[in-house]
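Spelled out from the first residue to the last, the chains are:
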Amino acid sequence: MEFVRPDSIEAAVAALQAEGAACLAGGATLVAMMNADLVAPERLVSLRDVAALREASRRPDGTVVIGAMRRHRETAEETDLRDGQRVLREAAAQIANPPVRNMGTIGGSCAFADPAADYPPALVAADARFALAGAEGRRTVPAGDFFRDWYETALEPGELIESVILPPAPAGTVGSYTKLARVAGDFAIASVALALGMDGGACTHLAVAVGACGPVPARRRDIEAELLGGPLGNAEIGRLTDALAEAFDPVDDVRASAGYRRRVAPRMVRQAIGEAMQKLGETQ
Amino acid sequence: MKIADSFVVAAPVERTWRAIRDPQVVGACLPGCEEIEAVSPTLYRARIGVKLGPIAAKFAAEVEVLEEEPPVRVVTVTRGEEGGRASNLRSDNILTLAPADDGGTRVSYEADMTVTGRLGKFGFGVMKKKAQSLASEFAGNLEARVNEAASGG
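Keep in mind that what you see is a predicted model, and the values were worked out from it rather than measured. (Residues numbered from 1 in each chain as written. Chains lettered and ligands numbered in written order. Predicted model: local features only at pLDDT ≥ 70, side-chain atom pairs only at ≥ 80, totals over all residues. Heavy atoms only, no water.)

A. Looking closely at the overall build of chain A. The helix and strand inventory of chain A stands at eleven helices and 13 strands. Relative to its length of 284 residues, chain A is compact, with a C-alpha radius of gyration of 19 Å against a globular reference of 19 Å. Burial status across chain A gives 55% buried among its 284 residues. Pairs at least 24 residues apart make up 61% of the contacts formed inside chain A by residues separated by at least 6 positions. When the accessible surface of chain A is split by element, carbon and sulfur atoms take 49% of a total near 12,000 Å². (Helix = DSSP H or I, 4+ residues; strand = E, 2+ residues; numbered from the N terminus. Rg over C-alpha atoms; globule rule 2.2 N^0.38 Å. Buried < 20%, exposed > 50% of the residue type's maximum accessible area, 1.4 Å probe, protein only. Contact = heavy atoms within 4.5 Å. Areas by Shrake-Rupley, 256 points an atom, 1.4 Å probe, with all protein chains shown as cover.)

B. Structural view of the interface of chain B and chain A. Listed as interface residues are 13 residues of chain B and, on the opposing side, 14 residues of chain A. Buried area between chain B and chain A, summed over both chains or domains, comes out near 1,200 Å², and the portion from carbon and sulfur atoms is 63%. The salt bridge involving B:Lys129 is made with A:Asp249; its shortest N-O contact spans 2.6 Å. If you look at where chain B meets chain A, you find four residue pairs in polar contact (both at pLDDT 80 or more). Looking at the side of chain B that touches chain A, the element that brings in the most residues is helix H3 (residues 124–151) of chain B, giving four residues. Looking at the side of chain B that touches chain A, its residues break down into six nonpolar, two polar and five charged. (Buried area = accessible area lost by both parts, 1.4 Å probe. Salt bridge = Lys/Arg side-chain N within 4 Å of Asp/Glu carboxyl O. Polar contact = N/O pair within 3.5 Å; in protein donor to acceptor, adjacent residues only side chain to side chain. Nonpolar A, V, L, I, M, F, W, Y, C, P; charged D, E, K, R; others polar.)

C. Seen up close, the packing of aromatic side chains. All names here are of chain A. Following the criterion strictly, the structure yields five aromatic pairs over all chains and no others. Ring centres of Phe146 and Phe147 lie 5.1 Å apart, and the angle between their planes is 90 degrees; on these two criteria the pair is classed as edge-to-face. Judged on exposure class, the residue Phe146 and its partner Phe147 are both buried. By the ring-pair criterion, three or more aromatic residues cluster together here, those being Phe130, Phe146 and Phe147. (Phe/Tyr/Trp six-rings, centres within 6.5 Å; stacked < 30°, edge-to-face > 60°.)

D. Structural context of the sheet that holds strand E2 (residues 21–24) of chain A. All names here are of chain A. Taken together, three strands build an open sheet; the order of strands is E1-E3-E2 and the sheet is parallel. Two strands lie at the open edges of the sheet, namely strand E1 (2–4) and E2, each paired on one side alone. When strand polarity is set aside, the average angle formed by the axes of neighbouring strands in this sheet is 25 degrees. Note that E2 and strand E3 (residues 43–46) share four bridges and pair parallel. Across the sheet, the residue bridging to Leu24 is Ser46, located in E3. (Pairing = 2+ DSSP bridges. Axes fitted to C-alpha atoms, helices over the stretch in contact; angles between N-to-C directions.)

E. Highlighting the environment of A:Gly259. Residues and elements named next belong to chain A. Relative to the helices and strands, Gly259 resides in helix H11 (residues 258–279). With relative accessibility at 38%, the residue Gly259 sits in the partly exposed group. The sequence separation of Gly259 and Leu232 amounts to 27 residues, and the corresponding C-alpha distance is 27 Å.

F. Broad picture of the nonpolar core. Counting 46 residues, the largest nonpolar core has A:Leu88, A:Cys110, A:Leu123, A:Phe130, A:Phe146 and A:Leu166 as its most contacted members. For A:Leu166, the contacting residues outside a window of four places in its chain are A:Gly62, A:Thr63, A:Val64, A:Ile66, A:Leu81, A:Gln85, A:Leu88, A:Leu123, A:Ala126 and A:Ala128. Judged by nonpolar contacts, the second largest core, of 45 residues, contains B:Val13, B:Ala131, B:Phe138 and B:Ala139. (Core = buried A, V, L, I, M, F, W, Y, C linked by side-chain atoms within 4.5 Å.)

G. Looking closely at the pattern of salt bridges. Counted according to the given criterion, the structure contains 28 salt bridges over all chains. One connected set of salt bridges, linked through shared partners, spans A:Asp127, A:Arg219, A:Arg221 and A:Glu224.

H. Seen up close, helix H10 (residues 234–247) of chain A. Residues and elements named next belong to chain A. Counted at 1.5 Å a residue, the expected span for H10 with its 14 residues is 20 Å, and the 20 Å between its end C-alpha atoms agrees. Those residues of H10 not exposed but buried are Ile237, Gly238, Leu240, Thr241, Ala243 and Leu244. Along its buried surface, H10 packs onto strand E13 (202–211), helix H9 (221–227) and H11. (Expected span 1.5 Å × (residues − 1).)

I. Fine view of the sheet that holds strand E5 (residues 73–81) of chain B. All names here are of chain B. Taken in spatial order, the seven strands make up an open sheet running E1-E7-E6-E5-E4-E3-E2, and their pairing is antiparallel. Sheet topology places strand E1 (2–9) and strand E2 (33–40) at the edges, where each strand pairs with a single neighbour. On average, adjacent strands in this sheet sit at an angle of 25 degrees to one another, irrespective of strand direction. Each of E1, strand E4 (55–69), E5, strand E6 (87–99) and strand E7 (105–117) touches helix H1 (residues 13–20); the most contacted strand, E6, lies at about 165 degrees to it.

J. Quick peek at the packing of H10(A) against H11(A). Residue and element names in this part refer to chain A. Their axes nearest at 10 Å, the elements H10 and H11 cross at an angle of 140 degrees. Overall, the two elements H10 and H11 adopt an arrangement that is oblique. H10 and H11 meet at a crossing whose hand is right-handed. Contacts between H10 and H11 involve Asn234, Ile237, Gly238, Leu240, Thr241, Leu244 and Ala245 from the first element and Arg262, Pro266, Val269, Arg270 and Ile273 from the second. Class assignment of the residues belonging to the contact of H10 with H11 gives a composition of seven nonpolar, three polar and two charged. (Parallel < 35°, antiparallel > 145°, perpendicular 65-115°, else oblique. Left-handed = near helix turned anticlockwise from the far one by under 90°.)

K. Spatial organisation of empty space enclosed by the protein. All names here are of chain B. With the rule as written, the count across this model stands at two cavities of 30 Å³ or more. When its volume is computed, the largest cavity comes out at roughly 1,200 Å³. Around the largest cavity, the lining is made up of 45 residues, and of these Leu30, Thr78, Ser91, Asn93 and Met113 lie nearest the centre. When contributions to the lining of the largest cavity are tallied by element, the ones reaching two or more residues are E1, helix H2 (23–29), strand E3 (43–52), E4, E5, E6, E7 and H3. Counting residues per element, the lining of the largest cavity draws most heavily on E4, at seven residues. (1 Å grid on protein atoms, 1.4 Å probe; cavity = no way out; pocket = protein on both sides within 12 Å on 5 of 7 lines; lining within 4 Å. Points joined across faces, edges and corners; volume = space filled by probe spheres on them.)

See the structure below:
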């Protein structure tokens, strides 16, 4: 196996064009999989010397750009993530345990696209976009299109994640990430990423993505759009959870049965919305 | 892990049966099947590639027909091993054909699969979803193939 350490995005992309090449980010997933003999890359392209990938910044309009090599701990503490964008901080803070949060990166986790991982639903709820770089140039892909199937993403061979871009969240919105797991730090049985805004009893912003209940985060933008401008009572939340349930395709695994996931996820959505409304000082 | 499903092909039972018992047809419809050869009328060898996210596996597989009742039922066992990578799979399969309402054929399958070795570590939940999606891709391919043959006369 060959090990290379390019120091620019261009050099990293060039190094990735070889057959059997894979990016090494924090190593939290890839190295564990190599140890388990699940993958055997012929060339490891370490991204640790690519300084541009380690930065995060906030633009004047409130857009936040997080480099692919930012560690989970850094994202969990990222004060540039405000209002509804805080959904990403909360998700990062609940990944695994401190050693993994010091090691794992947002780009690495998203490229692996574990359906029970914490970032995918948070990024989908935040309306984030992925900035990708490849031999053909650069492009951006909405998070909702980036996650495509079980462990499959929109990344083409020879392409890497440069950053994730979170659009500004409307002022006064709240973001939250709720995860149900057997023990703290485990992969989710189900998770709910939420960004919510209310004004005088009327919903002004609503984004709900459910994780670990299918190959990709479940979100129903059509129903969210219909609920904007009105109250969020039991009936409205029920409409949203019913629609979300249509998008679920959960697995039976060691963490929970598919049936349990279907039962618990709608209740988690209801609870997450209720708690967010309390934070906003609204009554349901 | 067990998977079971059924699909309808717009061709009579006899013709569907011939397609299903033709290794070249099955090989062409099976996602990831790189080659298939008939060792005997009841034993086939195939090379099959499977991919799940970053994990790619290539199996040398053997399909043995244990029982058949033309043109309605066939029981097979598939055994596969992954060269030096030490994964093994075994699948016991039952396939049944029955006339459907519109002159077509309902093809039902049941497979009981075990995977051991390195791929066994990956967790059956997602593997089952993958197996289901491969099976439905196979069904779609077979349907297209049989329908094509039917319209071609």
